[in-house]
Amino acid sequence: QQQVKQSPQSLIVQKGGISIINCAYENTAFDYFPWYQQFPGKGPALLIAIRPDVSEKKEGRFTISFNKSAKQFSLHIMDSQPGDSATYFCAASRKNAGKSTFGDGTTLTVKP
Amino acid sequence: DGGITQSPKYLFRKEGQNVTLSCEQNLNHDAMYWYRQDPGQGLRLIYYSQIVNDFQKGDIAEGYSVSREKKESFPLTVTSAQKNPTAFYLCASRPDRGHEGYTFGSGTRLTVV
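Computed from a predicted model, the values in this text were never measured in an experiment. (Residues numbered from 1 in each chain as written. Chains lettered and ligands numbered in written order. Predicted model: local features only at pLDDT ≥ 70, side-chain atom pairs only at ≥ 80, totals over all residues. Heavy atoms only, no water.)

A.B. asks: Help me out: how do you make sense of the sheet that holds strand β7 (residues 64-66) of chain B in this one?
C.D. replies: What holds strands together in a sheet is hydrogen bonding between their backbones, with the strands either parallel or antiparallel. All names here are of chain B. What the four strands build is an open sheet, ordered β1-β3-β8-β7; its pairing is antiparallel. Of all strands in the sheet, those with a lone pairing partner are β1 (4-7) and β7, marking the two edges. Neighbour-to-neighbour, the strand axes of this sheet turn through a mean angle of 20°, independent of strand direction. Across three bridges, β7 lies against strand β8 (residues 76-78) in antiparallel orientation. Counterpart to tyrosine 64 in the pairing with β8 is valine 78. (Pairing = 2+ DSSP bridges. Helix = DSSP H or I, 4+ residues; strand = E, 2+ residues; numbered from the N terminus. Axes fitted to C-alpha atoms, helices over the stretch in contact; angles between N-to-C directions.)

A.B. asks: I would appreciate a short explanation of a nonpolar patch on the surface in the present structure.
C.D. replies: Residues and elements named next belong to chain A. Together, Ile18, Ile20 and Met78 give the surface a local cluster of nonpolar side chains, amounting to about 240 Å² of exposed area. Position of isoleucine 18 relative to the elements: it lies in the loop between β2 (10-14) and β3 (19-25). The class of isoleucine 18 is partly exposed, set by a relative accessible area of 48%. (Patch = residues over 30% accessible without salt bridge, like charges linked within 9 Å, V, L, I, M, F, W, Y side chains within 5 Å. Areas by Shrake-Rupley, 256 points an atom, 1.4 Å probe, with all protein chains shown as cover. Salt bridge = Lys/Arg side-chain N within 4 Å of Asp/Glu carboxyl O. Buried < 20%, exposed > 50% of the residue type's maximum accessible area, 1.4 Å probe, protein only.)

A.B. asks: Mind showing me how you'd approach the interface of chain A and chain B here?
C.D. replies: Accessible area lost when the parts come together is the quantity often used to give the size of an interface. Contacts between the two partners involve 21 residues from chain A, matched on the other side by 24 residues from chain B. In total, chain A and chain B occlude about 1700 Å² of area from one another, counting both sides; carbon and sulfur atoms represent 52% of this. Counting across the interface, chain A meets chain B through zero salt bridges. Looking at the side of chain A that touches chain B residue by residue, the classes come out as seven nonpolar, seven polar and seven charged. (Contact = heavy atoms within 4.5 Å. Buried area = accessible area lost by both parts, 1.4 Å probe. Nonpolar A, V, L, I, M, F, W, Y, C, P; charged D, E, K, R; others polar.)

A.B. asks: Help me understand the side chain of Ser93(B), please; the structure alone is not making it clear to me.
C.D. replies: Residue and element names in this part refer to chain B. As for its position among the elements, serine 93 is in strand β9 (residues 87-94). At a separation of 2.6 Å, a polar atom in the side chain of serine 93 contacts the side chain of histidine 29. When near neighbours in sequence (up to four residues on either side) are disregarded, serine 93 contacts Ile4, Gln25, Leu27, His29, Ala31, Met32, Tyr33, Gly101, Tyr102 and Thr103. (Polar contact = N/O pair within 3.5 Å; in protein donor to acceptor, adjacent residues only side chain to side chain.)

Okay, here's the thing in structure tokens:
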């Protein structure tokens, strides 16, 4: 019930391409879905987040698509750049739960 | 600037030694967390605290201990009972109990020598 499954484990994209990372959850009580970006040797940083009352949220080149009925959400990185090369984590939480549940991470490599 | 400060950045521990990792935040966040990250792996929750003088075990609490005497501080002690402590340790905080993302520190890399 508390799992968040993230795929793929690793992803290689050409510069200018679209990177897509997917997450699926089981607990329908989750109501906050953030994505984090982590560069090597650094702590993760909040990238973008969505609540289930909307199906899409866009911030610059980063978009979250949310499918409540399928219990899935995904991160799309448009016009991917080498500087986007990092590990991306999805997460899910519910109010008053105290902690988030994280996916296992996706290592993105954008080739020049 | 508000944020989370973890220290030291690098730490070396001898076999059988206890070491304490520091985590301080000036964000006025209620909840604080400790995660362990192994190379190429995800984030595993060690302990978390939602309020001063209270904390809960995470998924991998064995061999670790914490305290929360002040809202700003959440130190983690890696005890000699932790048999494989070499890892990257991340501290995080959040303003309330649900609808906000985490703010992470820059991490402490612990190595057993």
